[in-house]
Amino acid sequence: MVAFGTELNASFWGAGIAFGVDVLVSVVVTLVTTAKPDSELRGLVYGLTVDLEDDALAGDAKWYRSPVLLGAGAVVLAIAMYGVIL
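Residues numbered from 1 in each chain as written. Predicted model: local features only at pLDDT ≥ 70, side-chain atom pairs only at ≥ 80, totals over all residues. Heavy atoms only, no water.

## With respect to the overall build of the protein
So the rule is basically this: Strands here are runs of E lasting at least two residues and helices are runs of H or I lasting at least four, both read from the DSSP assignment and numbered beginning at the N terminus. Think of it in three bands: with a 1.4 Å probe and only protein chains considered, a residue is buried below 20% of the maximum accessible area for its type, exposed above 50%, and partly exposed in between. Using a 1.4 Å probe, accessible areas were evaluated by the Shrake-Rupley method; residue-level cover was limited to the displayed protein chains.
Helices and strands together make up the secondary structure of the protein, namely 4 helices and 0 strands. The buried share among the 86 residues of the protein stands at 1%. Of the roughly 7900 Å² that the protein leaves accessible, carbon and sulfur atoms contribute 70%.

## Observations regarding the pattern of salt bridges
Our working rule: Salt-bridge detection follows one rule: a side-chain nitrogen of Lys or Arg within 4 Å of a carboxyl oxygen of Asp or Glu.
Going through the model one piece at a time under the given rule, you end up with 1 salt bridge. Across the pair Glu40 and Lys36 runs a salt bridge, and its minimum N-O distance is 3.5 Å.

## Considerations on a nonpolar patch on the surface
Filter applied, for reference: To count toward a patch, a residue needs a relative accessible area above 30% and no salt bridge. Like charges then connect within 9 Å, nonpolar side chains (Val, Leu, Ile, Met, Phe, Trp, Tyr) within 5 Å.
Judged by side-chain polarity, Val2, Phe4, Phe12, Trp13, Ile17, Val21, Val25 and Val29 come together as a nonpolar surface patch covering roughly 800 Å² of accessible area. By the secondary structure assignment, Phe12 is in helix 1 (residues 7-32).

## Details of the confidence of the model for the protein
Parts of the prediction with low pLDDT should not have their coordinates interpreted in detail. Here is the rule we go by: What pLDDT conveys is the predictor's confidence in a given residue, as a value from 0 to 100.
Mean pLDDT over the protein: 85, with 86% of residues reaching 70 or higher. The secondary structure element of the protein with the lowest average pLDDT is helix 3 (residues 52-55), at 52, and the one with the highest is helix 1, at 96.

Laid out in structure tokens, this is it:
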């Protein structure tokens, strides 16, 4: 058995080894399987969408789809949370 010293050190090494195994398995599976044709991915993959202008935000004025409004809300919430801590 391998002695890591502490449980935290053992967890760190375990996570690193698990990450390495995951990368290895992902690369092997990617190399072994065949790629799907573009016709099956159209509408699912952003780069294959034909009408990007019409599909994105054209005519959609809902508040929860506005990146500026959502970003400003996130900044306000972050400032409020840091204000509580300080």
